[in-house]
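Coordinate analysis (summary)
Chain by chain, the residues:
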Amino acid sequence: MSIDSHSATPTPASPSGGRVSGNPRFYLTNEFGLICLIVVFGLIFALLAKNFFSPFNLFALGRVAAVNVMIGFAMMVVIVTGGLNLAVGAIGVCGAMFCGFLIQVLGLPWPLAILLGLALGAGLGFINGFAVVRSGLHSFIITLATMSIFFGAMVFLTRAESFRGLPPIFSAFGTARLFGFVSPLLIVAALVGVLLSIMYRYTVVGREMLAAGAKPEAAALSGVPVGRTIILCHMLSGSLAALTALLVMARNGAAIPSMAGQLGQDWLLPAFLGPVLGGTLLSGGRASPLGTFLGAILVTMLTNGLLLLRVGEFWVQACLGVLLLFAVLVDKARRSYLAHLKVA
Amino acid sequence: MSISKKIALAAAATMLLAGSAFASDTQVALVPGGPHPYFTAWEQAGKDAAKDFGLAAADYKVPPKWELSAQNELLESLLTQGYNAFLIFPGDPVGSVSTANELTSAGAPVIALAGCLKDPSPAAFCLGTDTGHSAYLGTKELLKAMGGKKRIAHFTGFLVDPNTQLRIDAVEKAAKEEGAEVVQVIADIDAPEPAEEKINAYLAAHAGEVDGIITTAWVPAVVASNALRKIGDKRIKMVGIDHDEVVLKAIKDGYVDGTMLQNPYGQGYIGSFAADKLRTGCKVKADAPFKSNALTTKFIDSGTVFVDAAQVDTYVTAMQGITKDLFANFEKTYLDCAQ
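Residues numbered from 1 in each chain as written. Chains lettered and ligands numbered in written order. Predicted model: local features only at pLDDT ≥ 70, side-chain atom pairs only at ≥ 80, totals over all residues. Heavy atoms only, no water.

- Under an unreviewed UniProt entry, the name given to chain B is Ribose transport system substrate-binding protein, and the source organism is Kaistia hirudinis.
- Recorded in UniProt under Subcellular location (unreviewed entry), the annotation for chain B is "Cell envelope".
- Under the Sequence similarities (unreviewed entry) heading, UniProt states for chain B: "Belongs to the bacterial solute-binding protein 2 family." (UniProt positions renumbered as here; feature names shortened; annotations may be inferred.)

- Going by what an unreviewed UniProt entry lists, chain A is known as Ribose transport system permease protein and is assigned to Kaistia hirudinis.
- Note on chain A: under the UniProt heading Subcellular location (unreviewed entry), the record states "Cell membrane".

Structural data, given as structure tokens:
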């Protein structure tokens, strides 16, 4: 369920807190709509596309979805504050390349290299957050600039050379299949989603993030350190972006500069699709880790299904757009109908 | 019906039956890194190969955009759809190795086509233009056409393309050997928008400072040909690459001195043949006479030829000749099918 600055704090009016079952409001949420759409499209593709439910396809779908989900989370944690992080791809690639450098060139143990890669992501996020807070400029401008700076510096320092001298555990993790069809990458994404949900719903810092995004002035009057909270959100976004790139690194078996495209721009579309479809408000104050997870799964499933249906490769993007529009409109109609029947 | 006719009919029927019995269930997917005119010849090559070698399919499948992840998704989807042999232009020479590993572990042979995977990789071999050699020869031809003048500009493709750095190095080497200077290298412009913007801007400002242009990617060759035609000054010599109509017409009209043809059709045709052979039991010969480049030690040159105004009308014949020569000895030279 989506969590906003009101629902995050349990009150007598909403005693259920995070409970879903038995809460009729859940049937009106984006998340329930997304679950319905995933089931419906899953059935359609299972009927029309050969091997849609084959173990390999489920594995491949889950692995791609995991990366899209994680990219969505990295953006969502900044959208919560009413901001954006266009440098999400650039930061991610920097984190992964740094990790690859530490392992291959400096010979550091991989767990330490991973931690330092995540730390670099958080550090670059700190630069973004600090610049946003101190300059007063919108994060769109700041992160648009740092996207080029971070990526350019990475290319300059690495000479655009890949690091492929990684321990076998990386490739083993990226290609492992649990129960024959589940990618461990998807488990990591789900785990991160659960942790984010707990943070927003049950921790002070999570509530402060939502409050700072909903109404910064009111939050400041209530004693929330808004500037520090925004910086923290950017640091979280940076470390999540780095974690995402580490997952891609495991999938590719190497840290490569082009893993997120030129300047990391390949990540921008999935970064917005998941959170927005999932009900995270672009104006801030509301987050939905579950919705982001489901939104990314839906988009990935639609792409996968359309490819299996052998829709011409160039039509996939157009069909994806049409299906997404259709899905959103149907979901809106469903909620209007249920509201009309006073289900809530 | 005479006996001889009956025997002939029986023989024909036997051959037909034998033909269908030997028809392969190989489904080859020819997958470039993204949309690009260079690869369009693979479509016809696949169709012809499927027909000539009795393959179940040899289909050209293009990722909708130049993204490693989009290519990976497409490849995984094609494996799910039942394709069992892959000819791939790697989206990234290192990053595509993992996907190639997954394809080969599913029993599908992989051949790197037009661009190589970095060793070690599961690709049986890499069949493509010896891009460095082609750029080297093209630069030599350009310098020959330029006479005593020695300042050249080099317009080339994506830096993420494994071939681009090889081309840059080769042009530099050829220029150095002839005492010429590469005054400008403009890369990452193998797409219409950046090519138009950067080439036109460069020529507008610096046309007087260069005596020759070498282009080693498709789109820059087209844009530079158009630019020279617009300028109308035949003082600047140019050698292009590939066989776009714009370049060929500019050669005929004297604005461009020649082009280095590659062999995408031959790559797709022979690659489909080899992929089927590998899937049906042939092995790559341990002592096959592979060449080496910066990425792999298992490289096969699919051929290149310089075409100027004298041969521009017969370039198709020239390329067919290269394909025919390579194909004639391919199995004997590179494959071991003695099972």
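More follows now that the structure is in view.
1. Observations regarding the layout of surface pockets
- Estimates place the volume of the second largest pocket at around 640 Å³.
- Along the wall of the second largest pocket there are 33 residues; nearest its centre are Val 64 and Asn 68 of chain A together with Glu 67, Ser 69 and Glu 73 of chain B.
- Elements that contribute at least two residues to the lining of the second largest pocket include exactly α2 (55-79), α10 (226-252), α11 (268-278), α12 (289-308) and α13 (313-340) of chain A together with α3 (68-81) of chain B.
- At 7 residues, α3 of chain B tops the list of elements feeding residues into the lining of the second largest pocket. (1 Å grid on protein atoms, 1.4 Å probe; cavity = no way out; pocket = protein on both sides within 12 Å on 5 of 7 lines; lining within 4 Å. Points joined across faces, edges and corners; volume = space filled by probe spheres on them. Helix = DSSP H or I, 4+ residues; strand = E, 2+ residues; numbered from the N terminus.)

2. Topic: the interface of chain A and chain B
- The interface of chain A with chain B comprises 26 residues on the first partner and 29 residues on the second.
- When chain A packs against chain B, the two sides together hide about 2500 Å² of surface, and 51% of this comes from carbon and sulfur.
- For the pair chain A and chain B, the number of links is 3 salt bridges.
- A salt bridge links Arg 251 of chain A to Glu 76 of chain B; its shortest N-O distance comes to 2.7 Å.
- For the interface between chain A and chain B, the tally reads 11 residue pairs in polar contact (both at pLDDT 80 or more).
- Every element with two or more residues in the side of chain A that touches chain B is listed here: α2, α10, α12 and α13 of chain A.
- For the side of chain A that touches chain B, the leading source of residues is α2 of chain A, giving 6 residues.
- Here the side of chain A that touches chain B is built from residues that sort into 9 nonpolar, 10 polar and 7 charged. (Contact = heavy atoms within 4.5 Å. Buried area = accessible area lost by both parts, 1.4 Å probe. Salt bridge = Lys/Arg side-chain N within 4 Å of Asp/Glu carboxyl O. Polar contact = N/O pair within 3.5 Å; in protein donor to acceptor, adjacent residues only side chain to side chain. Nonpolar A, V, L, I, M, F, W, Y, C, P; charged D, E, K, R; others polar.)

3. Structural notes on the sheet that holds strand β6 (residues 151-155) of chain B
Residues and elements named next belong to chain B.
- A sheet is described by the order of its strands in space; here 6 strands give the open sequence β7-β6-β8-β9-β10-β13, paired in mixed fashion. The outermost strands of the open sheet, each flanked by one partner alone, are β7 (181-186) and β13 (305-308). Going across the sheet, the axis of each strand differs from the next one's by a mean of 20°, ignoring polarity.
- Pairing of β6 with strand β8 (residues 212-215) involves 4 bridges; the strand directions are parallel. Considered in β8, the bridge of Phe 155 is made with Thr 215.
- Across the sheet, helix α5 (residues 131-146) touches β6, β8, β9 (237-241), β10 (258-261) and β13, and the angle it forms with β9 is around 160°.
- Sheet strands touched by helix α9 (residues 245-253): β10 and β13. Its angle to β10, the strand with the most contacts, is close to 140°. (Pairing = 2+ DSSP bridges. Axes fitted to C-alpha atoms, helices over the stretch in contact; angles between N-to-C directions.)

4. Describing unusual backbone geometry
- Each neighbour pair has its own omega, and for Asp 119 of chain B with Pro 120 of chain B the value is -5°, a cis peptide bond.
- Along the chain, Pro 120 of chain B turns up in the loop between β4 (110-113) and β5 (126-128).
- Phi at Asn 51 of chain A takes a positive value of approximately 70°, unusual for a residue other than glycine.
- Checked against the element boundaries, Asn 51 of chain A lands in the loop between α1 (30-48) and α2.
- Overall, the relative accessible area of 32% leaves Asn 51 of chain A in the partly exposed class. (Buried < 20%, exposed > 50% of the residue type's maximum accessible area, 1.4 Å probe, protein only.)

5. Details of the packing of helix α8 (residues 218-231) of chain B against α9 of chain B
Residues and elements named next belong to chain B.
- As a packed pair, α8 and α9 sit with axes 9 Å apart at the nearest point and diverge in direction by 35°. When you trace α8 past α9, the crossing you get is left-handed. Touching Ala 221, Val 222, Ser 225, Asn 226 and Arg 229 of α8 are Val 246, Val 247, Lys 249, Ala 250 and Asp 253, all from α9. (Left-handed = near helix turned anticlockwise from the far one by under 90°.)

6. A word on the pattern of salt bridges
- A full pass over the atoms with the stated rule returns 15 salt bridges over all chains.
- A salt bridge links Lys 249 of chain B to Asp 253 of chain B, with the shortest nitrogen-to-oxygen separation between them at 3.2 Å. On the criterion of helical spacing, the pair formed by Lys 249 of chain B and Asp 253 of chain B is a turn pair, its members being 4 residues apart in helix α9.
- Take Lys 249 of chain B: its relative accessible area is 47%, and that puts it in the partly exposed class.
- One network of salt bridges, with partners in common, ties together Arg 63 and Arg 251 of chain A together with Glu 76 and Glu 102 of chain B.

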